[in-house]
Amino acid sequence: MRDEKKISFRQKNPTVCPICRYEFYREEMFTGSGRLIADKLTDELRRLYKESNKYGKIYPLAYTLTVCPNCLYTAYPKDFNEISQEEVEKLQNMRQARQDAQAKFFDRLDFHDDRNLILGAVSYMLAVDCYNFRKKNVAPTFKMGVSSLRAAWLFLDLAKEFPDKIYNKLSMFFYKKAYEFYIKILDLLQSGGEPAEAAGNMGPDTDKNWGYEGILYVSAVLTVKYGSTEKDLAKKIENFNISKKYLSRLFGAGKSSKSTPSDLLDKTRLLYDKINTMITEWEGQETV
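Okay, so let's go over this structure. Here the structure is a predicted model, which means the values were calculated and not measured.

Here is what the cut-offs are and how they apply
- Residues numbered from 1 in each chain as written.
- Predicted model: local features only at pLDDT ≥ 70, side-chain atom pairs only at ≥ 80, totals over all residues.
- Heavy atoms only, no water.
- Helix = DSSP H or I, 4+ residues; strand = E, 2+ residues; numbered from the N terminus.
- Expected span 1.5 Å × (residues − 1).
- Buried < 20%, exposed > 50% of the residue type's maximum accessible area, 1.4 Å probe, protein only.
- Pairing = 2+ DSSP bridges.
- Core = buried A, V, L, I, M, F, W, Y, C linked by side-chain atoms within 4.5 Å.
- Contact = heavy atoms within 4.5 Å.
- Salt bridge = Lys/Arg side-chain N within 4 Å of Asp/Glu carboxyl O.
- Axes fitted to C-alpha atoms, helices over the stretch in contact; angles between N-to-C directions.
- Parallel < 35°, antiparallel > 145°, perpendicular 65-115°, else oblique.
- Left-handed = near helix turned anticlockwise from the far one by under 90°.
- Nonpolar A, V, L, I, M, F, W, Y, C, P; charged D, E, K, R; others polar.

Focus: helix α6 (residues 167-191)
Part 1 of the argument: If you check α6, its first and last C-alpha atoms are 36 Å apart, about what 25 residues at 1.5 Å a residue would give, namely 36 Å.
Part 2 of the argument: Residues of α6 that are buried include every one of Tyr 167, Leu 170, Ser 171, Phe 174, Tyr 175, Ala 178, Tyr 179, Phe 181, Tyr 182, Ile 185, Leu 186 and Leu 188, and no others.
Part 3 of the argument: Among the residues trailing α6, Gly 192 stands out with phi positive, at a value near 75°.

A word on the pairing of strand β5 (residues 37-41)
Part 1 of the argument: Bridge count for β5 against strand β6 (residues 47-50) is three bridges, and the pairing is antiparallel. Each residue of the ladder has a partner; that of Ile 37, found in β6, is Lys 50.
Part 2 of the argument: Once β5 ends, the chain turns through five residues before running back antiparallel as β6, passing Leu 45 with a positive phi of about 65°.

Focus on unusual backbone geometry
Part 1 of the argument: Residue Pro 204 is reached from Gly 203 by a cis peptide bond, and omega for that bond is 15°.
Part 2 of the argument: Positive phi outside glycine occurs at Leu 72, with the angle close to 70°.
Part 3 of the argument: Relative to the helices and strands, Leu 72 resides in the loop between β7 (66-67) and β8 (74-75).
Part 4 of the argument: Residue classification places Leu 72 among the buried positions, given a relative accessible area of 6%.

What to know about the nonpolar core
Part 1 of the argument: Residues Tyr 73, Phe 155, Tyr 217 and Leu 222 are the most contacted members of the largest nonpolar core, which totals 87 residues.
Part 2 of the argument: Elements with a contribution of two residues or more to this core: α2 (85-93), α4 (117-131), α5 (140-161), α6, α7 (211-226), α8 (233-255) and α9 (262-287).
Part 3 of the argument: Take this core: its biggest share by element is twelve residues, from α4.
Part 4 of the argument: Apart from residues no more than four positions distant in its own chain, Phe 155 is found in contact with Phe 106, Ala 121, Val 122, Tyr 167, Leu 170, Ser 171 and Phe 174.

With respect to the environment of Leu 233
Part 1 of the argument: Residue position: Leu 233 is located in helix α8.
Part 2 of the argument: Of the residues examined, Leu 233 reaches a relative accessible area of 21% and is grouped as partly exposed.
Part 3 of the argument: Distance from Leu 233 to Trp 282, taken between C-alpha atoms, is 7.4 Å for residues 49 residues apart in sequence.

Here we look at the environment of Ser 84
Part 1 of the argument: The topology assignment puts Ser 84 in the loop between α1 (77-80) and α2.
Part 2 of the argument: Residue classification places Ser 84 among the partly exposed positions, given a relative accessible area of 23%.

Regarding the pattern of salt bridges
Part 1 of the argument: Following the criterion strictly, the structure yields twelve salt bridges and no others.
Part 2 of the argument: Between Glu 28 and Arg 26 there is a salt bridge; the shortest N-O distance is 3.1 Å.
Part 3 of the argument: Given a relative accessible area of 10%, Arg 26 falls into the buried group.
Part 4 of the argument: The salt bridge partner of Arg 46 is Asp 157, with a shortest N-O separation of 2.6 Å. Of this pair, Arg 46 sits in the loop between β5 and β6 while Asp 157 sits in helix α5; the two residues are 111 residues apart in sequence, bridging distant segments of the chain.
Part 5 of the argument: The buried category is assigned to Arg 46, whose relative accessible area is 10%.

Quick notes on the packing of α5 against α6
Part 1 of the argument: Interaxial distance between α5 and α6 falls to 7 Å at its minimum, and their mutual angle equals 160°. In terms of orientation, α5 lies roughly antiparallel with respect to α6. Both α5 and α6 take part in a crossing whose hand is left-handed.
Part 2 of the argument: Taken together, the residues that form the contact of α5 with α6 break down as 21 nonpolar, five polar and two charged.

A word on α4
Since there are 3.6 residues in each turn of an α-helix, residues three or four apart along the chain are aligned in direction.
Part 1 of the argument: Taking 1.5 Å of rise per residue, the 15 residues of α4 would be expected to cover 21 Å, and the 21 Å separating its terminal C-alpha atoms lies within 8% of that figure.
Part 2 of the argument: Buried residues dominate α4, accounting for 14 of its 15 residues.

Remarks on the packing of α4 against α5
Part 1 of the argument: At a minimum axis separation of 8 Å, α4 and α5 run at an interaxial angle of 155°. For the element pair α4 / α5, the angle class is roughly antiparallel. Considering how the two elements wind past one another, α4 and α5 form a crossing that is left-handed. From α4, Leu 117, Ile 118, Gly 120, Ala 121, Val 122, Tyr 124, Met 125, Ala 127, Val 128 and Tyr 131 reach across to α5, where they touch Pro 140, Lys 143, Met 144, Ser 147, Ser 148, Arg 150, Ala 151, Leu 154, Phe 155, Asp 157, Leu 158 and Glu 161.
Part 2 of the argument: Looking at the contact of α4 with α5 residue by residue, the class counts come to 15 nonpolar, three polar and four charged.

Next comes the structure, spelled out in structure tokens:
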């Protein structure tokens, strides 16, 4: 029999929500003892895990965000209490909107409960909404980008379990949001519009911080998967050429650096070739 109670624990000291002053006890995931059995790394740099015979299926991503069960204010732990009065007022004003959005898609969710796949997915949906009202000192675009991608992953997991529900549509929605945010992140990295150090773990998953290289690579993956739906052919070619340029830079830097993992270099080469083929095909359409 699986010992579900040993997957997580509650912190001894309460967390006080800076938005509504509600006290709750943050849930943390236990590590060790064979709870997480690493599996393959996907082309989106998501780490998959095998199901444990003792603990069942565990989703580490579900435990990352701090969510106030009362007003649904959500943030990464480092940002949760580091918030200005102006931001507090904005997030207070949007409290009902957060609750309405959750109620529109999901019945009877309660963040007092232990985290599961659906609470994990919804936590990232809430994070995207809340970081929209945060100032640039917490790198909100970085946080909205990685949160959108993680929401897409978890809603896709839910869609596989419950194909008759709306989870697949929600996953596709957040994949598109992730693509849009990652394109903005590339601009911010060049302009310094948001402090990169405030991004913290750039992910995209929690097992490894791929840093700047990971952002370049993931933005290119999302461009191939979701940027190809751009209707303006010239704009589509422009976006793909930008991704091609960044991948070329990433591959060149990786070959000269022993610190770049070989699996990332292999994935980068394959993605570069795919983008190049697609651009050549579209440029041919332009000349017809």
